[in-house]
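Fold and contact review
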Amino acid sequence: MITLQRILVPTDLSEYSERARSYACELAKRFAAELHLLHVVPPISLPGYVGPIPDELLHPEEAARRELEEWNDPDFEHAKGVVRSVATGTPFVEIVRYARDQNVDLIVIGTHGRSGLVHALVGSVTEKVVRKAPCPVLTVRPEGHQFVMP
């Protein structure tokens, strides 16, 4: 039997992440699982930049933490608990590290739906997470089926 105690939702706080969050909330509800929300802040590089640096660039983790605290869903109340975390680093590396360190049972992650040249040039955080994750990964495309009770 499959048991899920901890479900991780890596988020860039975009609409793509919101769809993944909906799926994760439903799974957390059905399995009485703890929901982990993780936002990864990439390292900042400002080569050649001259002038005052905005506070959110100097302290991106604080801005991300505030934004993640505001990222709510009425279905959070159905989860066993909600853990919000912010990490700094390469997104796929930090997601995989968090999943391993927190003994996550499932990662639910949104995709941007890119393909072709853009995907080849930019790469895919989701694809790298799927390859390296220590647990199963559910990918949620931007369009598709919703959870609907029959």
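Below is a summary of the structure that appears in this document. (Residues numbered from 1 in each chain as written. Predicted model: local features only at pLDDT ≥ 70, side-chain atom pairs only at ≥ 80, totals over all residues. Heavy atoms only, no water.)

All right, on to the nonpolar core then. Counting residues in hydrophobic clusters, the biggest one holds 23 residues, and the most contacted among them are Ile7, Leu35, Leu37 and Val108. Per-element accounting of this core gives the leading share, 6 residues, to helix 1 (residues 15-31). The residues contacting Leu35, other than those within four sequence positions of it, are Ile7, Val9, Ala24, Cys25, Ala28, Phe76, Ala79, Gly81, Val82 and Val83. Core analysis: the next-biggest nonpolar cluster, separate from the first, contains 13 residues, Val40, Tyr98, Val104 and Ile109 among them. (Core = buried A, V, L, I, M, F, W, Y, C linked by side-chain atoms within 4.5 Å. Buried < 20%, exposed > 50% of the residue type's maximum accessible area, 1.4 Å probe, protein only. Helix = DSSP H or I, 4+ residues; strand = E, 2+ residues; numbered from the N terminus. Contact = heavy atoms within 4.5 Å.)

Below, the discussion takes up unusual backbone geometry. Positive phi, normally seen in glycine, also occurs at Ala32, with a value near 50 degrees. On the secondary structure map, Ala32 appears in the loop between helix 1 and strand 2 (34-41). The backbone of Asn103 shows a phi angle near 55 degrees, a positive value even though the residue is not glycine. For Asn103, the location among the structural elements is in the loop between helix 4 (91-101) and strand 4 (106-110). By relative accessible area, which is 49% here, Asn103 ends up partly exposed.

Below, the discussion takes up the sheet that holds strand 3 (residues 81-88). With parallel pairing, 5 strands are arranged side by side in an open sheet as 3-2-1-4-5. Single-partner strands in this sheet number two, and they are strand 3 and strand 5 (137-140). Across the sheet, the mean angle from the axis of one strand to that of its neighbour is 20 degrees, orientation sign disregarded. Relative to strand 4, strand 1 (residues 6-10) runs parallel, the two being bridged by 2 bridges. (Pairing = 2+ DSSP bridges. Axes fitted to C-alpha atoms, helices over the stretch in contact; angles between N-to-C directions.)

This brings us to the pairing of strand 1. Taken across its 5 residues, strand 1 has 5 buried, putting it largely inside the fold. Of the two faces of strand 1, the one holding Arg6, Leu8 and Pro10 and the one holding Ile7 and Val9 are both buried throughout. Here strand 1 pairs with strand 2 via 5 bridges, running parallel. Bridge pairing in strand 2 links Leu8 to His36. The β-α-β motif built from strand 1, the intervening helix 1 and the parallel element strand 2 has right-handed crossover chirality. (Right-handed = clockwise from strand over helix to strand, strands pointing away.)

All we've got here are geometric facts, nothing functional implied.
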